[in-house]
Amino acid sequence: MTRRERWRGWRRSRPFWGGLLLVLAGLELVAIPLSGVLGHGAIKLVIYIGIGGVFGVLIGLLLIAAGIMLWVNPVHRVFYGIAGIALGIVSFPASNLGGFFLGMLAAIVGGAIGFAWAPVEAPPVPAAAGAIADEEPSAGSGIIAGAPGDPADETSGADTFTPDADTFGADAGRPEEEPADAAGAGQPGTEPAGQPGPGAGLSARPAGR
Amino acid sequence: MPDEDSKTRPSVHGKVRWRRFAIAAVPAVAIAGTLVGLTAQGAIASSISVSGQEFLVTAGQLNGTGFEQFGGQVTGSGGPRPVIISAIKSASLSNLCQSVTVGPVTLRLTAGGGGSPVTADNLVVDASGQTGSEAIFHNITIGQDAGTLSEDPGTAGQPGGFGQQADSITIDNLVQHTWLTTAGTFTLPGLSIGFGGSC
């Protein structure tokens, strides 16, 4: 595996762009009040900057931390994503109108990407598919995943859950990775378990009850 | 590529679920938009502090209470550079315009038109140049030791330096080139911000 492929694999195995946007937002928010200090060593200016500068620097540093943590600890991406969004919103009144909008927007988009990122199970062999789907349900779908995921044997599940599979298919139509799933229509019972939770859950509930 | 990955490491890559993205981003943008709207009405004060960039401030009229001014210097890339440091405890500015150049773009912020002026607390400005068409000072003390200035508590210059202070000031057609820092809490009624030329 070449270095470039490893880099690509590293990027794809975590919410890389969300983390990058959070880090950039944090750097921007820190740079506006502190570029004089960092660039010119004018430490005495910090005295004049006062509480506004402190908040700006604090929010920026927390955003950088959240972005890096999205990379090194993607398991907690929902937390870091929401933290990034909240910090971005708070930065508007607290730090130069959110770094003149740029930092705020980058933080909101980056946090939402981190929140929305989820691993894709692309099972090469059907046998492995069941195991992976069981051990990696996405957080939101955990509750409803019990319904379609429980029938461990996909063959029986395929028949009983045909209506569900249709609603899931309609919901999850947009993601581009679906063709692989559509090809493996033999196991519709497992695939929905990994699919986006909230949307699927909302649509499945009226059908069920 | 996904096949190779999943053989070596299962579930190694992920995607952004755009519906989930919308679930997070839409409320966040709505809240942020509300904050922007409240700020533009002057209901929320926002904190502004900028340093290291040339930052141009103009205002139709500045009224301030608790005014101090003293000389200082900041260490820029081209060596020390003298600045006039003005501190105003409480200021109101009509037709405020601030422009700051961040990288290749110039951001221009205007507020305080139409009879509802911008108000700012603890405004501290390090200006390299300051002009006004007319300035009125009340109860001014000129030549006071900069270390003993008391009109804006918490801000004072170097002991032994030249300073002046006044109870209140009025400056018409203010134009300030601020060199390093401006800090303060602003309410910005009628805020509009955009890219464009300087003020």
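Residues numbered from 1 in each chain as written. Chains lettered and ligands numbered in written order. Predicted model: local features only at pLDDT ≥ 70, side-chain atom pairs only at ≥ 80, totals over all residues.

Draft legend 1. Inspection of the overall build of chain B at higher detail. Counting secondary structure elements, chain B contains two helices and 11 strands. What you see in chain B, going N to C, is helices and strands ordered as α-β-α-β-β-β-β-β-β-β-β-β-β. Per-residue burial over chain B gives 42% buried out of 199 residues. Pairs at least 24 residues apart make up 76% of the contacts formed inside chain B by residues separated by at least 6 positions. (Helix = DSSP H or I, 4+ residues; strand = E, 2+ residues; numbered from the N terminus. Buried ≥ 20, exposed ≤ 12 C-beta atoms within 10 Å, placed from the backbone. Contact = placed C-beta atoms within 7 Å.)

Draft legend 2. Just the overall build of chain A, in detail. On a plain count of helices and strands, chain A comes out with 13 helices and one strand. Start at the N end of chain A and walk to the C end: the helices and strands fall as α-α-α-α-α-α-β-α-α-α-α-α-α-α. Considering only contacts in chain A between residues 6 or more positions apart, those separated by 24 or more positions represent 75%.

Draft legend 3. Expanded view of the environment of Gly72(B). Residues and elements named next belong to chain B. Relative to the helices and strands, Gly72 resides in strand β3 (residues 55-76). With 20 C-beta atoms packed within 10 Å, Gly72 lands in the buried category. A C-alpha to C-alpha distance of 8.4 Å links Gly72 and Gly161, two positions 89 residues apart in sequence. With residues near it in sequence (within four places) discarded, Gly72 still touches Val83, Ile85, Asp126 and Gly157.

Draft legend 4. The arrangement of unusual backbone geometry in detail. Residue and element names in this part refer to chain A. Unusually for a residue other than glycine, Asn96 sits at a positive phi of about 50°. The backbone phi angle of Phe101 is positive, close to 75°, even though this residue is not glycine. The residue Phe101 is located in the loop between α5 (96-100) and α6 (102-116) in this model. On the neighbour-count criterion, Phe101 (17 C-beta atoms within 10 Å) is partly exposed.

Draft legend 5. Quick peek at the nonpolar core. Of all hydrophobic cores here, the largest spans 78 residues; its most connected members are Leu22(A), Leu63(A), Ala107(A), Ile108(A), Ala112(A) and Ala32(B). No other element matches the 10 residues that helix α2 (residues 16-40) of chain A contributes to this core. (Core = buried A, V, L, I, M, F, W, Y, C linked by C-beta atoms within 7 Å.)

Draft legend 6. Representation of helix α2 (residues 18-40) of chain B in the model. Residue and element names in this part refer to chain B. For α2, built from 23 residues, the straight-helix expectation of 33 Å at 1.5 Å per residue is met to within 8% by its first-to-last C-alpha distance of 31 Å. When we look at burial in α2, the residues that qualify are Arg20, Phe21, Ala24, Ala28, Ala32, Leu35, Val36 and Thr39. Just downstream of α2 lies Gly42, where phi reads positive at about 85°. (Expected span 1.5 Å × (residues − 1).)

Draft legend 7. Molecular detail of helix α4 (residues 77-94) of chain A. All names here are of chain A. With 18 residues, α4 ought to run about 26 Å at 1.5 Å a step, and its terminal C-alpha atoms sit 25 Å apart, in line with that. Most of α4 sits out of view: 13 of its 18 residues are buried. Of the residues one or two after α4, Asn96 is the one with positive phi, at around 50°.

Draft legend 8. Here's a closer look at the packing of α4(A) against α6(A). All names here are of chain A. Between α4 and α6, the least distance of the axes is 7 Å, while the angle of their chain directions is 165°. Here α4 is positioned roughly antiparallel relative to α6, judged by the angle of their axes. The handedness of the crossing between α4 and α6 comes out as left-handed. On α6, the residues that touch Arg77, Val78, Tyr80, Gly81, Ile82, Gly84, Ile85, Leu87, Gly88, Ser91 and Phe92 of α4 are Gly103, Met104, Ala107, Ile108, Gly110, Gly111, Ala112, Gly114 and Phe115. Class assignment for the residues of the contact of α4 with α6 results in 11 nonpolar, eight polar and one charged. (Axes fitted to C-alpha atoms, helices over the stretch in contact; angles between N-to-C directions. Parallel < 35°, antiparallel > 145°, perpendicular 65-115°, else oblique. Left-handed = near helix turned anticlockwise from the far one by under 90°. Nonpolar A, V, L, I, M, F, W, Y, C, P; charged D, E, K, R; others polar.)

Draft legend 9. The arrangement of the environment of Ala112(A) in detail. Residue and element names in this part refer to chain A. Mapped onto the fold, Ala112 is located in helix α6. Taking the C-beta count within 10 Å as the criterion, Ala112 has 29 such neighbours and is therefore assigned buried. Each C-alpha atom, one on Ala112 and one on Gly18, is 7.4 Å from the other, the two residues being 94 residues apart in sequence.

Draft legend 10. Quick look at the environment of Ile48(B). Considering the arrangement of structural elements, one finds Ile48(B) in strand β2 (residues 45-50). Sequence separation between Ile48(B) and Phe186(B) is 138 residues, and the spatial gap between their C-alpha atoms is 7.1 Å.

Draft legend 11. Spatial organisation of the packing of α6(A) against α2(B). Here α6(A) crosses α2(B) at 150°, and the two axes come no closer than 8 Å. Taken together, the axis directions place α6(A) and α2(B) in an arrangement best described as roughly antiparallel. When you trace α6(A) past α2(B), the crossing you get is right-handed. Contact residues: Met104(A), Ile108(A), Val109(A), Gly111(A), Ala112(A), Ile113(A), Phe115(A) and Ala116(A) in α6(A); Trp18(B), Arg20(B), Phe21(B), Ala24(B), Ala25(B), Ala28(B), Val29(B) and Ala32(B) in α2(B). Split by residue class, the contact of α6(A) with α2(B) holds 14 nonpolar, one polar and one charged.

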